[in-house]
Amino acid sequence: MMRIDVLTLFPNMFTNPLGESIIGKAQEKDLLELHVHNFRDYSDNKHQTVDDYPYGGGAGMLLKVQPIYDNLKAIEAQTPDVKKRIILLDPAGKPFNQKMAEEFSKEEQLVFICGHYEGYDERIRTLVTDEVSLGDYVLTGGELGAMVMIDATVRLLPDVLGNQTSAQTDSHSTGLLEHPQYTRPANFKGMEVPFVLTNGNHKLIEEWQLKESLRRTYLRRPDMLEKLDLTKQMAKLLAEVKQEEAQKDIEE
């Protein structure tokens, strides 16, 4: 079982989103143990303040180190023998991606720290193992980013998805975008499912799926192909894709 702890000033934000669907079922099946902490409860100030003005001046307020430090100590006391990955949600952090989700899914315990206000007291960074950003933009807090990262990670845990092969062939997991997929009916208002998917020849189906994954990646995310070590088959199919797409441009 994986344990995830979240440090936040808004614990109610996590109640419904992480109690539904796949994440909710993972908890019901004892595959995931989720704990959400309001780190305001750990403030040593009688007013339970968690922020203060920055030394040297500047806009906004900074989260204080003491409440987060004490909250982390309390978590450590609960699971003293478990190695933890402590993740600080920060726009200046390393961009989150599928590879990182796969790394996180192999951990026993993850701790997410959700920031607010202008930023963090720099000493908070000494308490963490990772600084991660959801993307090149700024949100009002780290809660939404933490939910996305938890969802992307937990779905990769063994037995969380009914069909684990589905996770292994997702877009980005293979280094390519996923190929187009279809279901019944075979013909909807003149839009037909490609014949190769209906003829039962599994070798041809697999080749078509690989080629269309290459096509979709080439057209939408060519930068991903630059990082990929192509097999001979992939190189051959990609060459065909480029030729076909170039012919389409000429015909248009």
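As annotated in an unreviewed UniProt entry, the protein carries the name tRNA (guanine-N(1)-)-methyltransferase and comes from Enterococcus cecorum DSM 20682 = ATCC 43198. Per UniProt, the protein carries the Subunit (unreviewed entry) text "Homodimer." UniProt's Subcellular location (unreviewed entry) comment on the protein is quoted here verbatim: "Cytoplasm".

Draft legend 1. Inspection of the overall build of the protein at higher detail. Looking only at helices and strands, the protein features eight helices and 10 strands. In terms of C-alpha radius of gyration, the protein reaches 23 Å, well past the compact-globule figure of 18 Å for 252 residues. For the protein, the spread of C-alpha atoms along the three principal axes comes to 70 × 45 × 35 Å. Contacts in the protein between residues at least 24 apart in sequence constitute 73% of all its contacts with a sequence separation of at least 6. Surface exposure of the protein reaches about 15,200 Å², of which carbon and sulfur atoms provide 50%. Of the charged side chains in the protein, 29 are positive and 41 negative, and the gap between their average positions amounts to 4 Å.

Draft legend 2. Spotlight on a nonpolar patch on the surface. A surface patch of nonpolar side chains, amounting to about 460 Å² of accessible area, comprises Phe10, Met13, Tyr137, Leu139 and Leu144. Here Phe10 shows up in the loop between strand 1 (2-8) and helix 1 (21-28). Since its relative accessible area comes to 38%, Phe10 is described here as partly exposed.

Draft legend 3. Representation of the UniProt feature "binding site: S-adenosyl-L-methionine" (unreviewed entry) in the protein. Here the UniProt feature "binding site: S-adenosyl-L-methionine" (unreviewed entry) sits at Gly115, Leu134, Gly135, Asp136, Tyr137, Val138 and Leu139. None of the other annotated residues line the second largest pocket; only Gly115, Leu134, Gly135, Tyr137, Val138 and Leu139 do. Looking at the element boundaries, Val138 is found in the loop between strand 8 (130-133) and helix 4 (143-154). Since its relative accessible area comes to 67%, Val138 is described here as exposed. In this structure, Leu139 sits in the loop between strand 8 and helix 4. Taking relative accessible area as the criterion, Leu139 reaches 36% and is therefore assigned partly exposed.

Draft legend 4. Main features of the domain arrangement of the protein. What the domain assignment reports for the protein is domain 1 (1-162) and domain 2 (185-249). Each of domain 1 and domain 2 has a C-alpha centre, and the two are 39 Å apart.

Draft legend 5. The arrangement of the pairing of strand 1 in detail. Most of strand 1 is tucked away, with seven of its seven residues classed as buried. Neither face of strand 1 is exposed, since Met2, Ile4, Val6 and Thr8 on one face and Arg3, Asp5 and Leu7 on the opposite face are all buried. As judged from the seven bridges shared by strand 1 and strand 2 (residues 32-38), these two strands associate in the parallel manner. Each residue of the ladder has a partner; that of Leu7, found in strand 2, is His37. In this view, the connection linking strand 1 to its parallel neighbour strand 2 by way of helix 1 has right-handed handedness. Relative to strand 6 (residues 109-113), strand 1 runs parallel, the two sharing five bridges. Paired with Asp5 across the strands is Val111, a residue of strand 6.

Rules of the game
Positions within a chain are numbered from 1, following the residues in the order the chain's sequence is written. Only residues with pLDDT of at least 70 are given local features in this predicted model, and only at 80 or more are side-chain atom pairs given and counted; all residues enter the totals for whole chains, interfaces and linings. Each side-chain value is worked out from all heavy atoms of the structure, with water and hydrogens disregarded. UniProt positions are given in the numbering used here, feature names are shortened, and annotations may be inferred rather than shown by experiment. Under the scheme used here, helices are H or I runs from DSSP no shorter than 4 residues and strands are E runs no shorter than 2 residues, and both carry numbers assigned from the N terminus. Atoms considered for the radius of gyration are the C-alpha atoms alone. The globule rule reads 2.2 Å times the number of residues to the power 0.38. Contacts between residues were defined by any pair of non-hydrogen atoms, one from each residue, lying within 4.5 Å. Method for areas: the Shrake-Rupley scheme with a 1.4 Å probe, in which residue coverage is limited to the protein chains shown. For the purpose of counting charges, residues Lys and Arg are taken to be positive, whereas Asp and Glu are taken to be negative. His and the chain ends are not included. Charge positions are represented by NZ for Lys, CZ for Arg, CG for Asp and CD for Glu. Within the patch definition used here, like charges are joined within 9 Å and nonpolar side chains (Val, Leu, Ile, Met, Phe, Trp, Tyr) within 5 Å, considering only residues with over 30% relative accessible area and no salt bridge. Salt bridges are identified by distance alone: a Lys or Arg side-chain nitrogen within 4 Å of an Asp or Glu carboxyl oxygen. Residue burial is assigned from relative accessible area. The probe radius is 1.4 Å, only protein chains are included, and a residue is buried under 20% of its type maximum, exposed over 50%, and partly exposed in between. Computed over the protein atoms alone on a 1 Å grid, cavities are sets of points where a 1.4 Å probe fits but cannot get out and pockets are open sets with protein on both sides within 12 Å along at least five of seven lines; a residue lines them when it has an atom within 4 Å of a point. Domain start and stop points were drawn from an automatic or database domain assignment. The criterion for strand pairing is that DSSP finds at least two bridges linking the strands in question. Orienting the strands away from the viewer, one traces the path from the first strand over the helix to the second; a clockwise path indicates a right-handed crossover.

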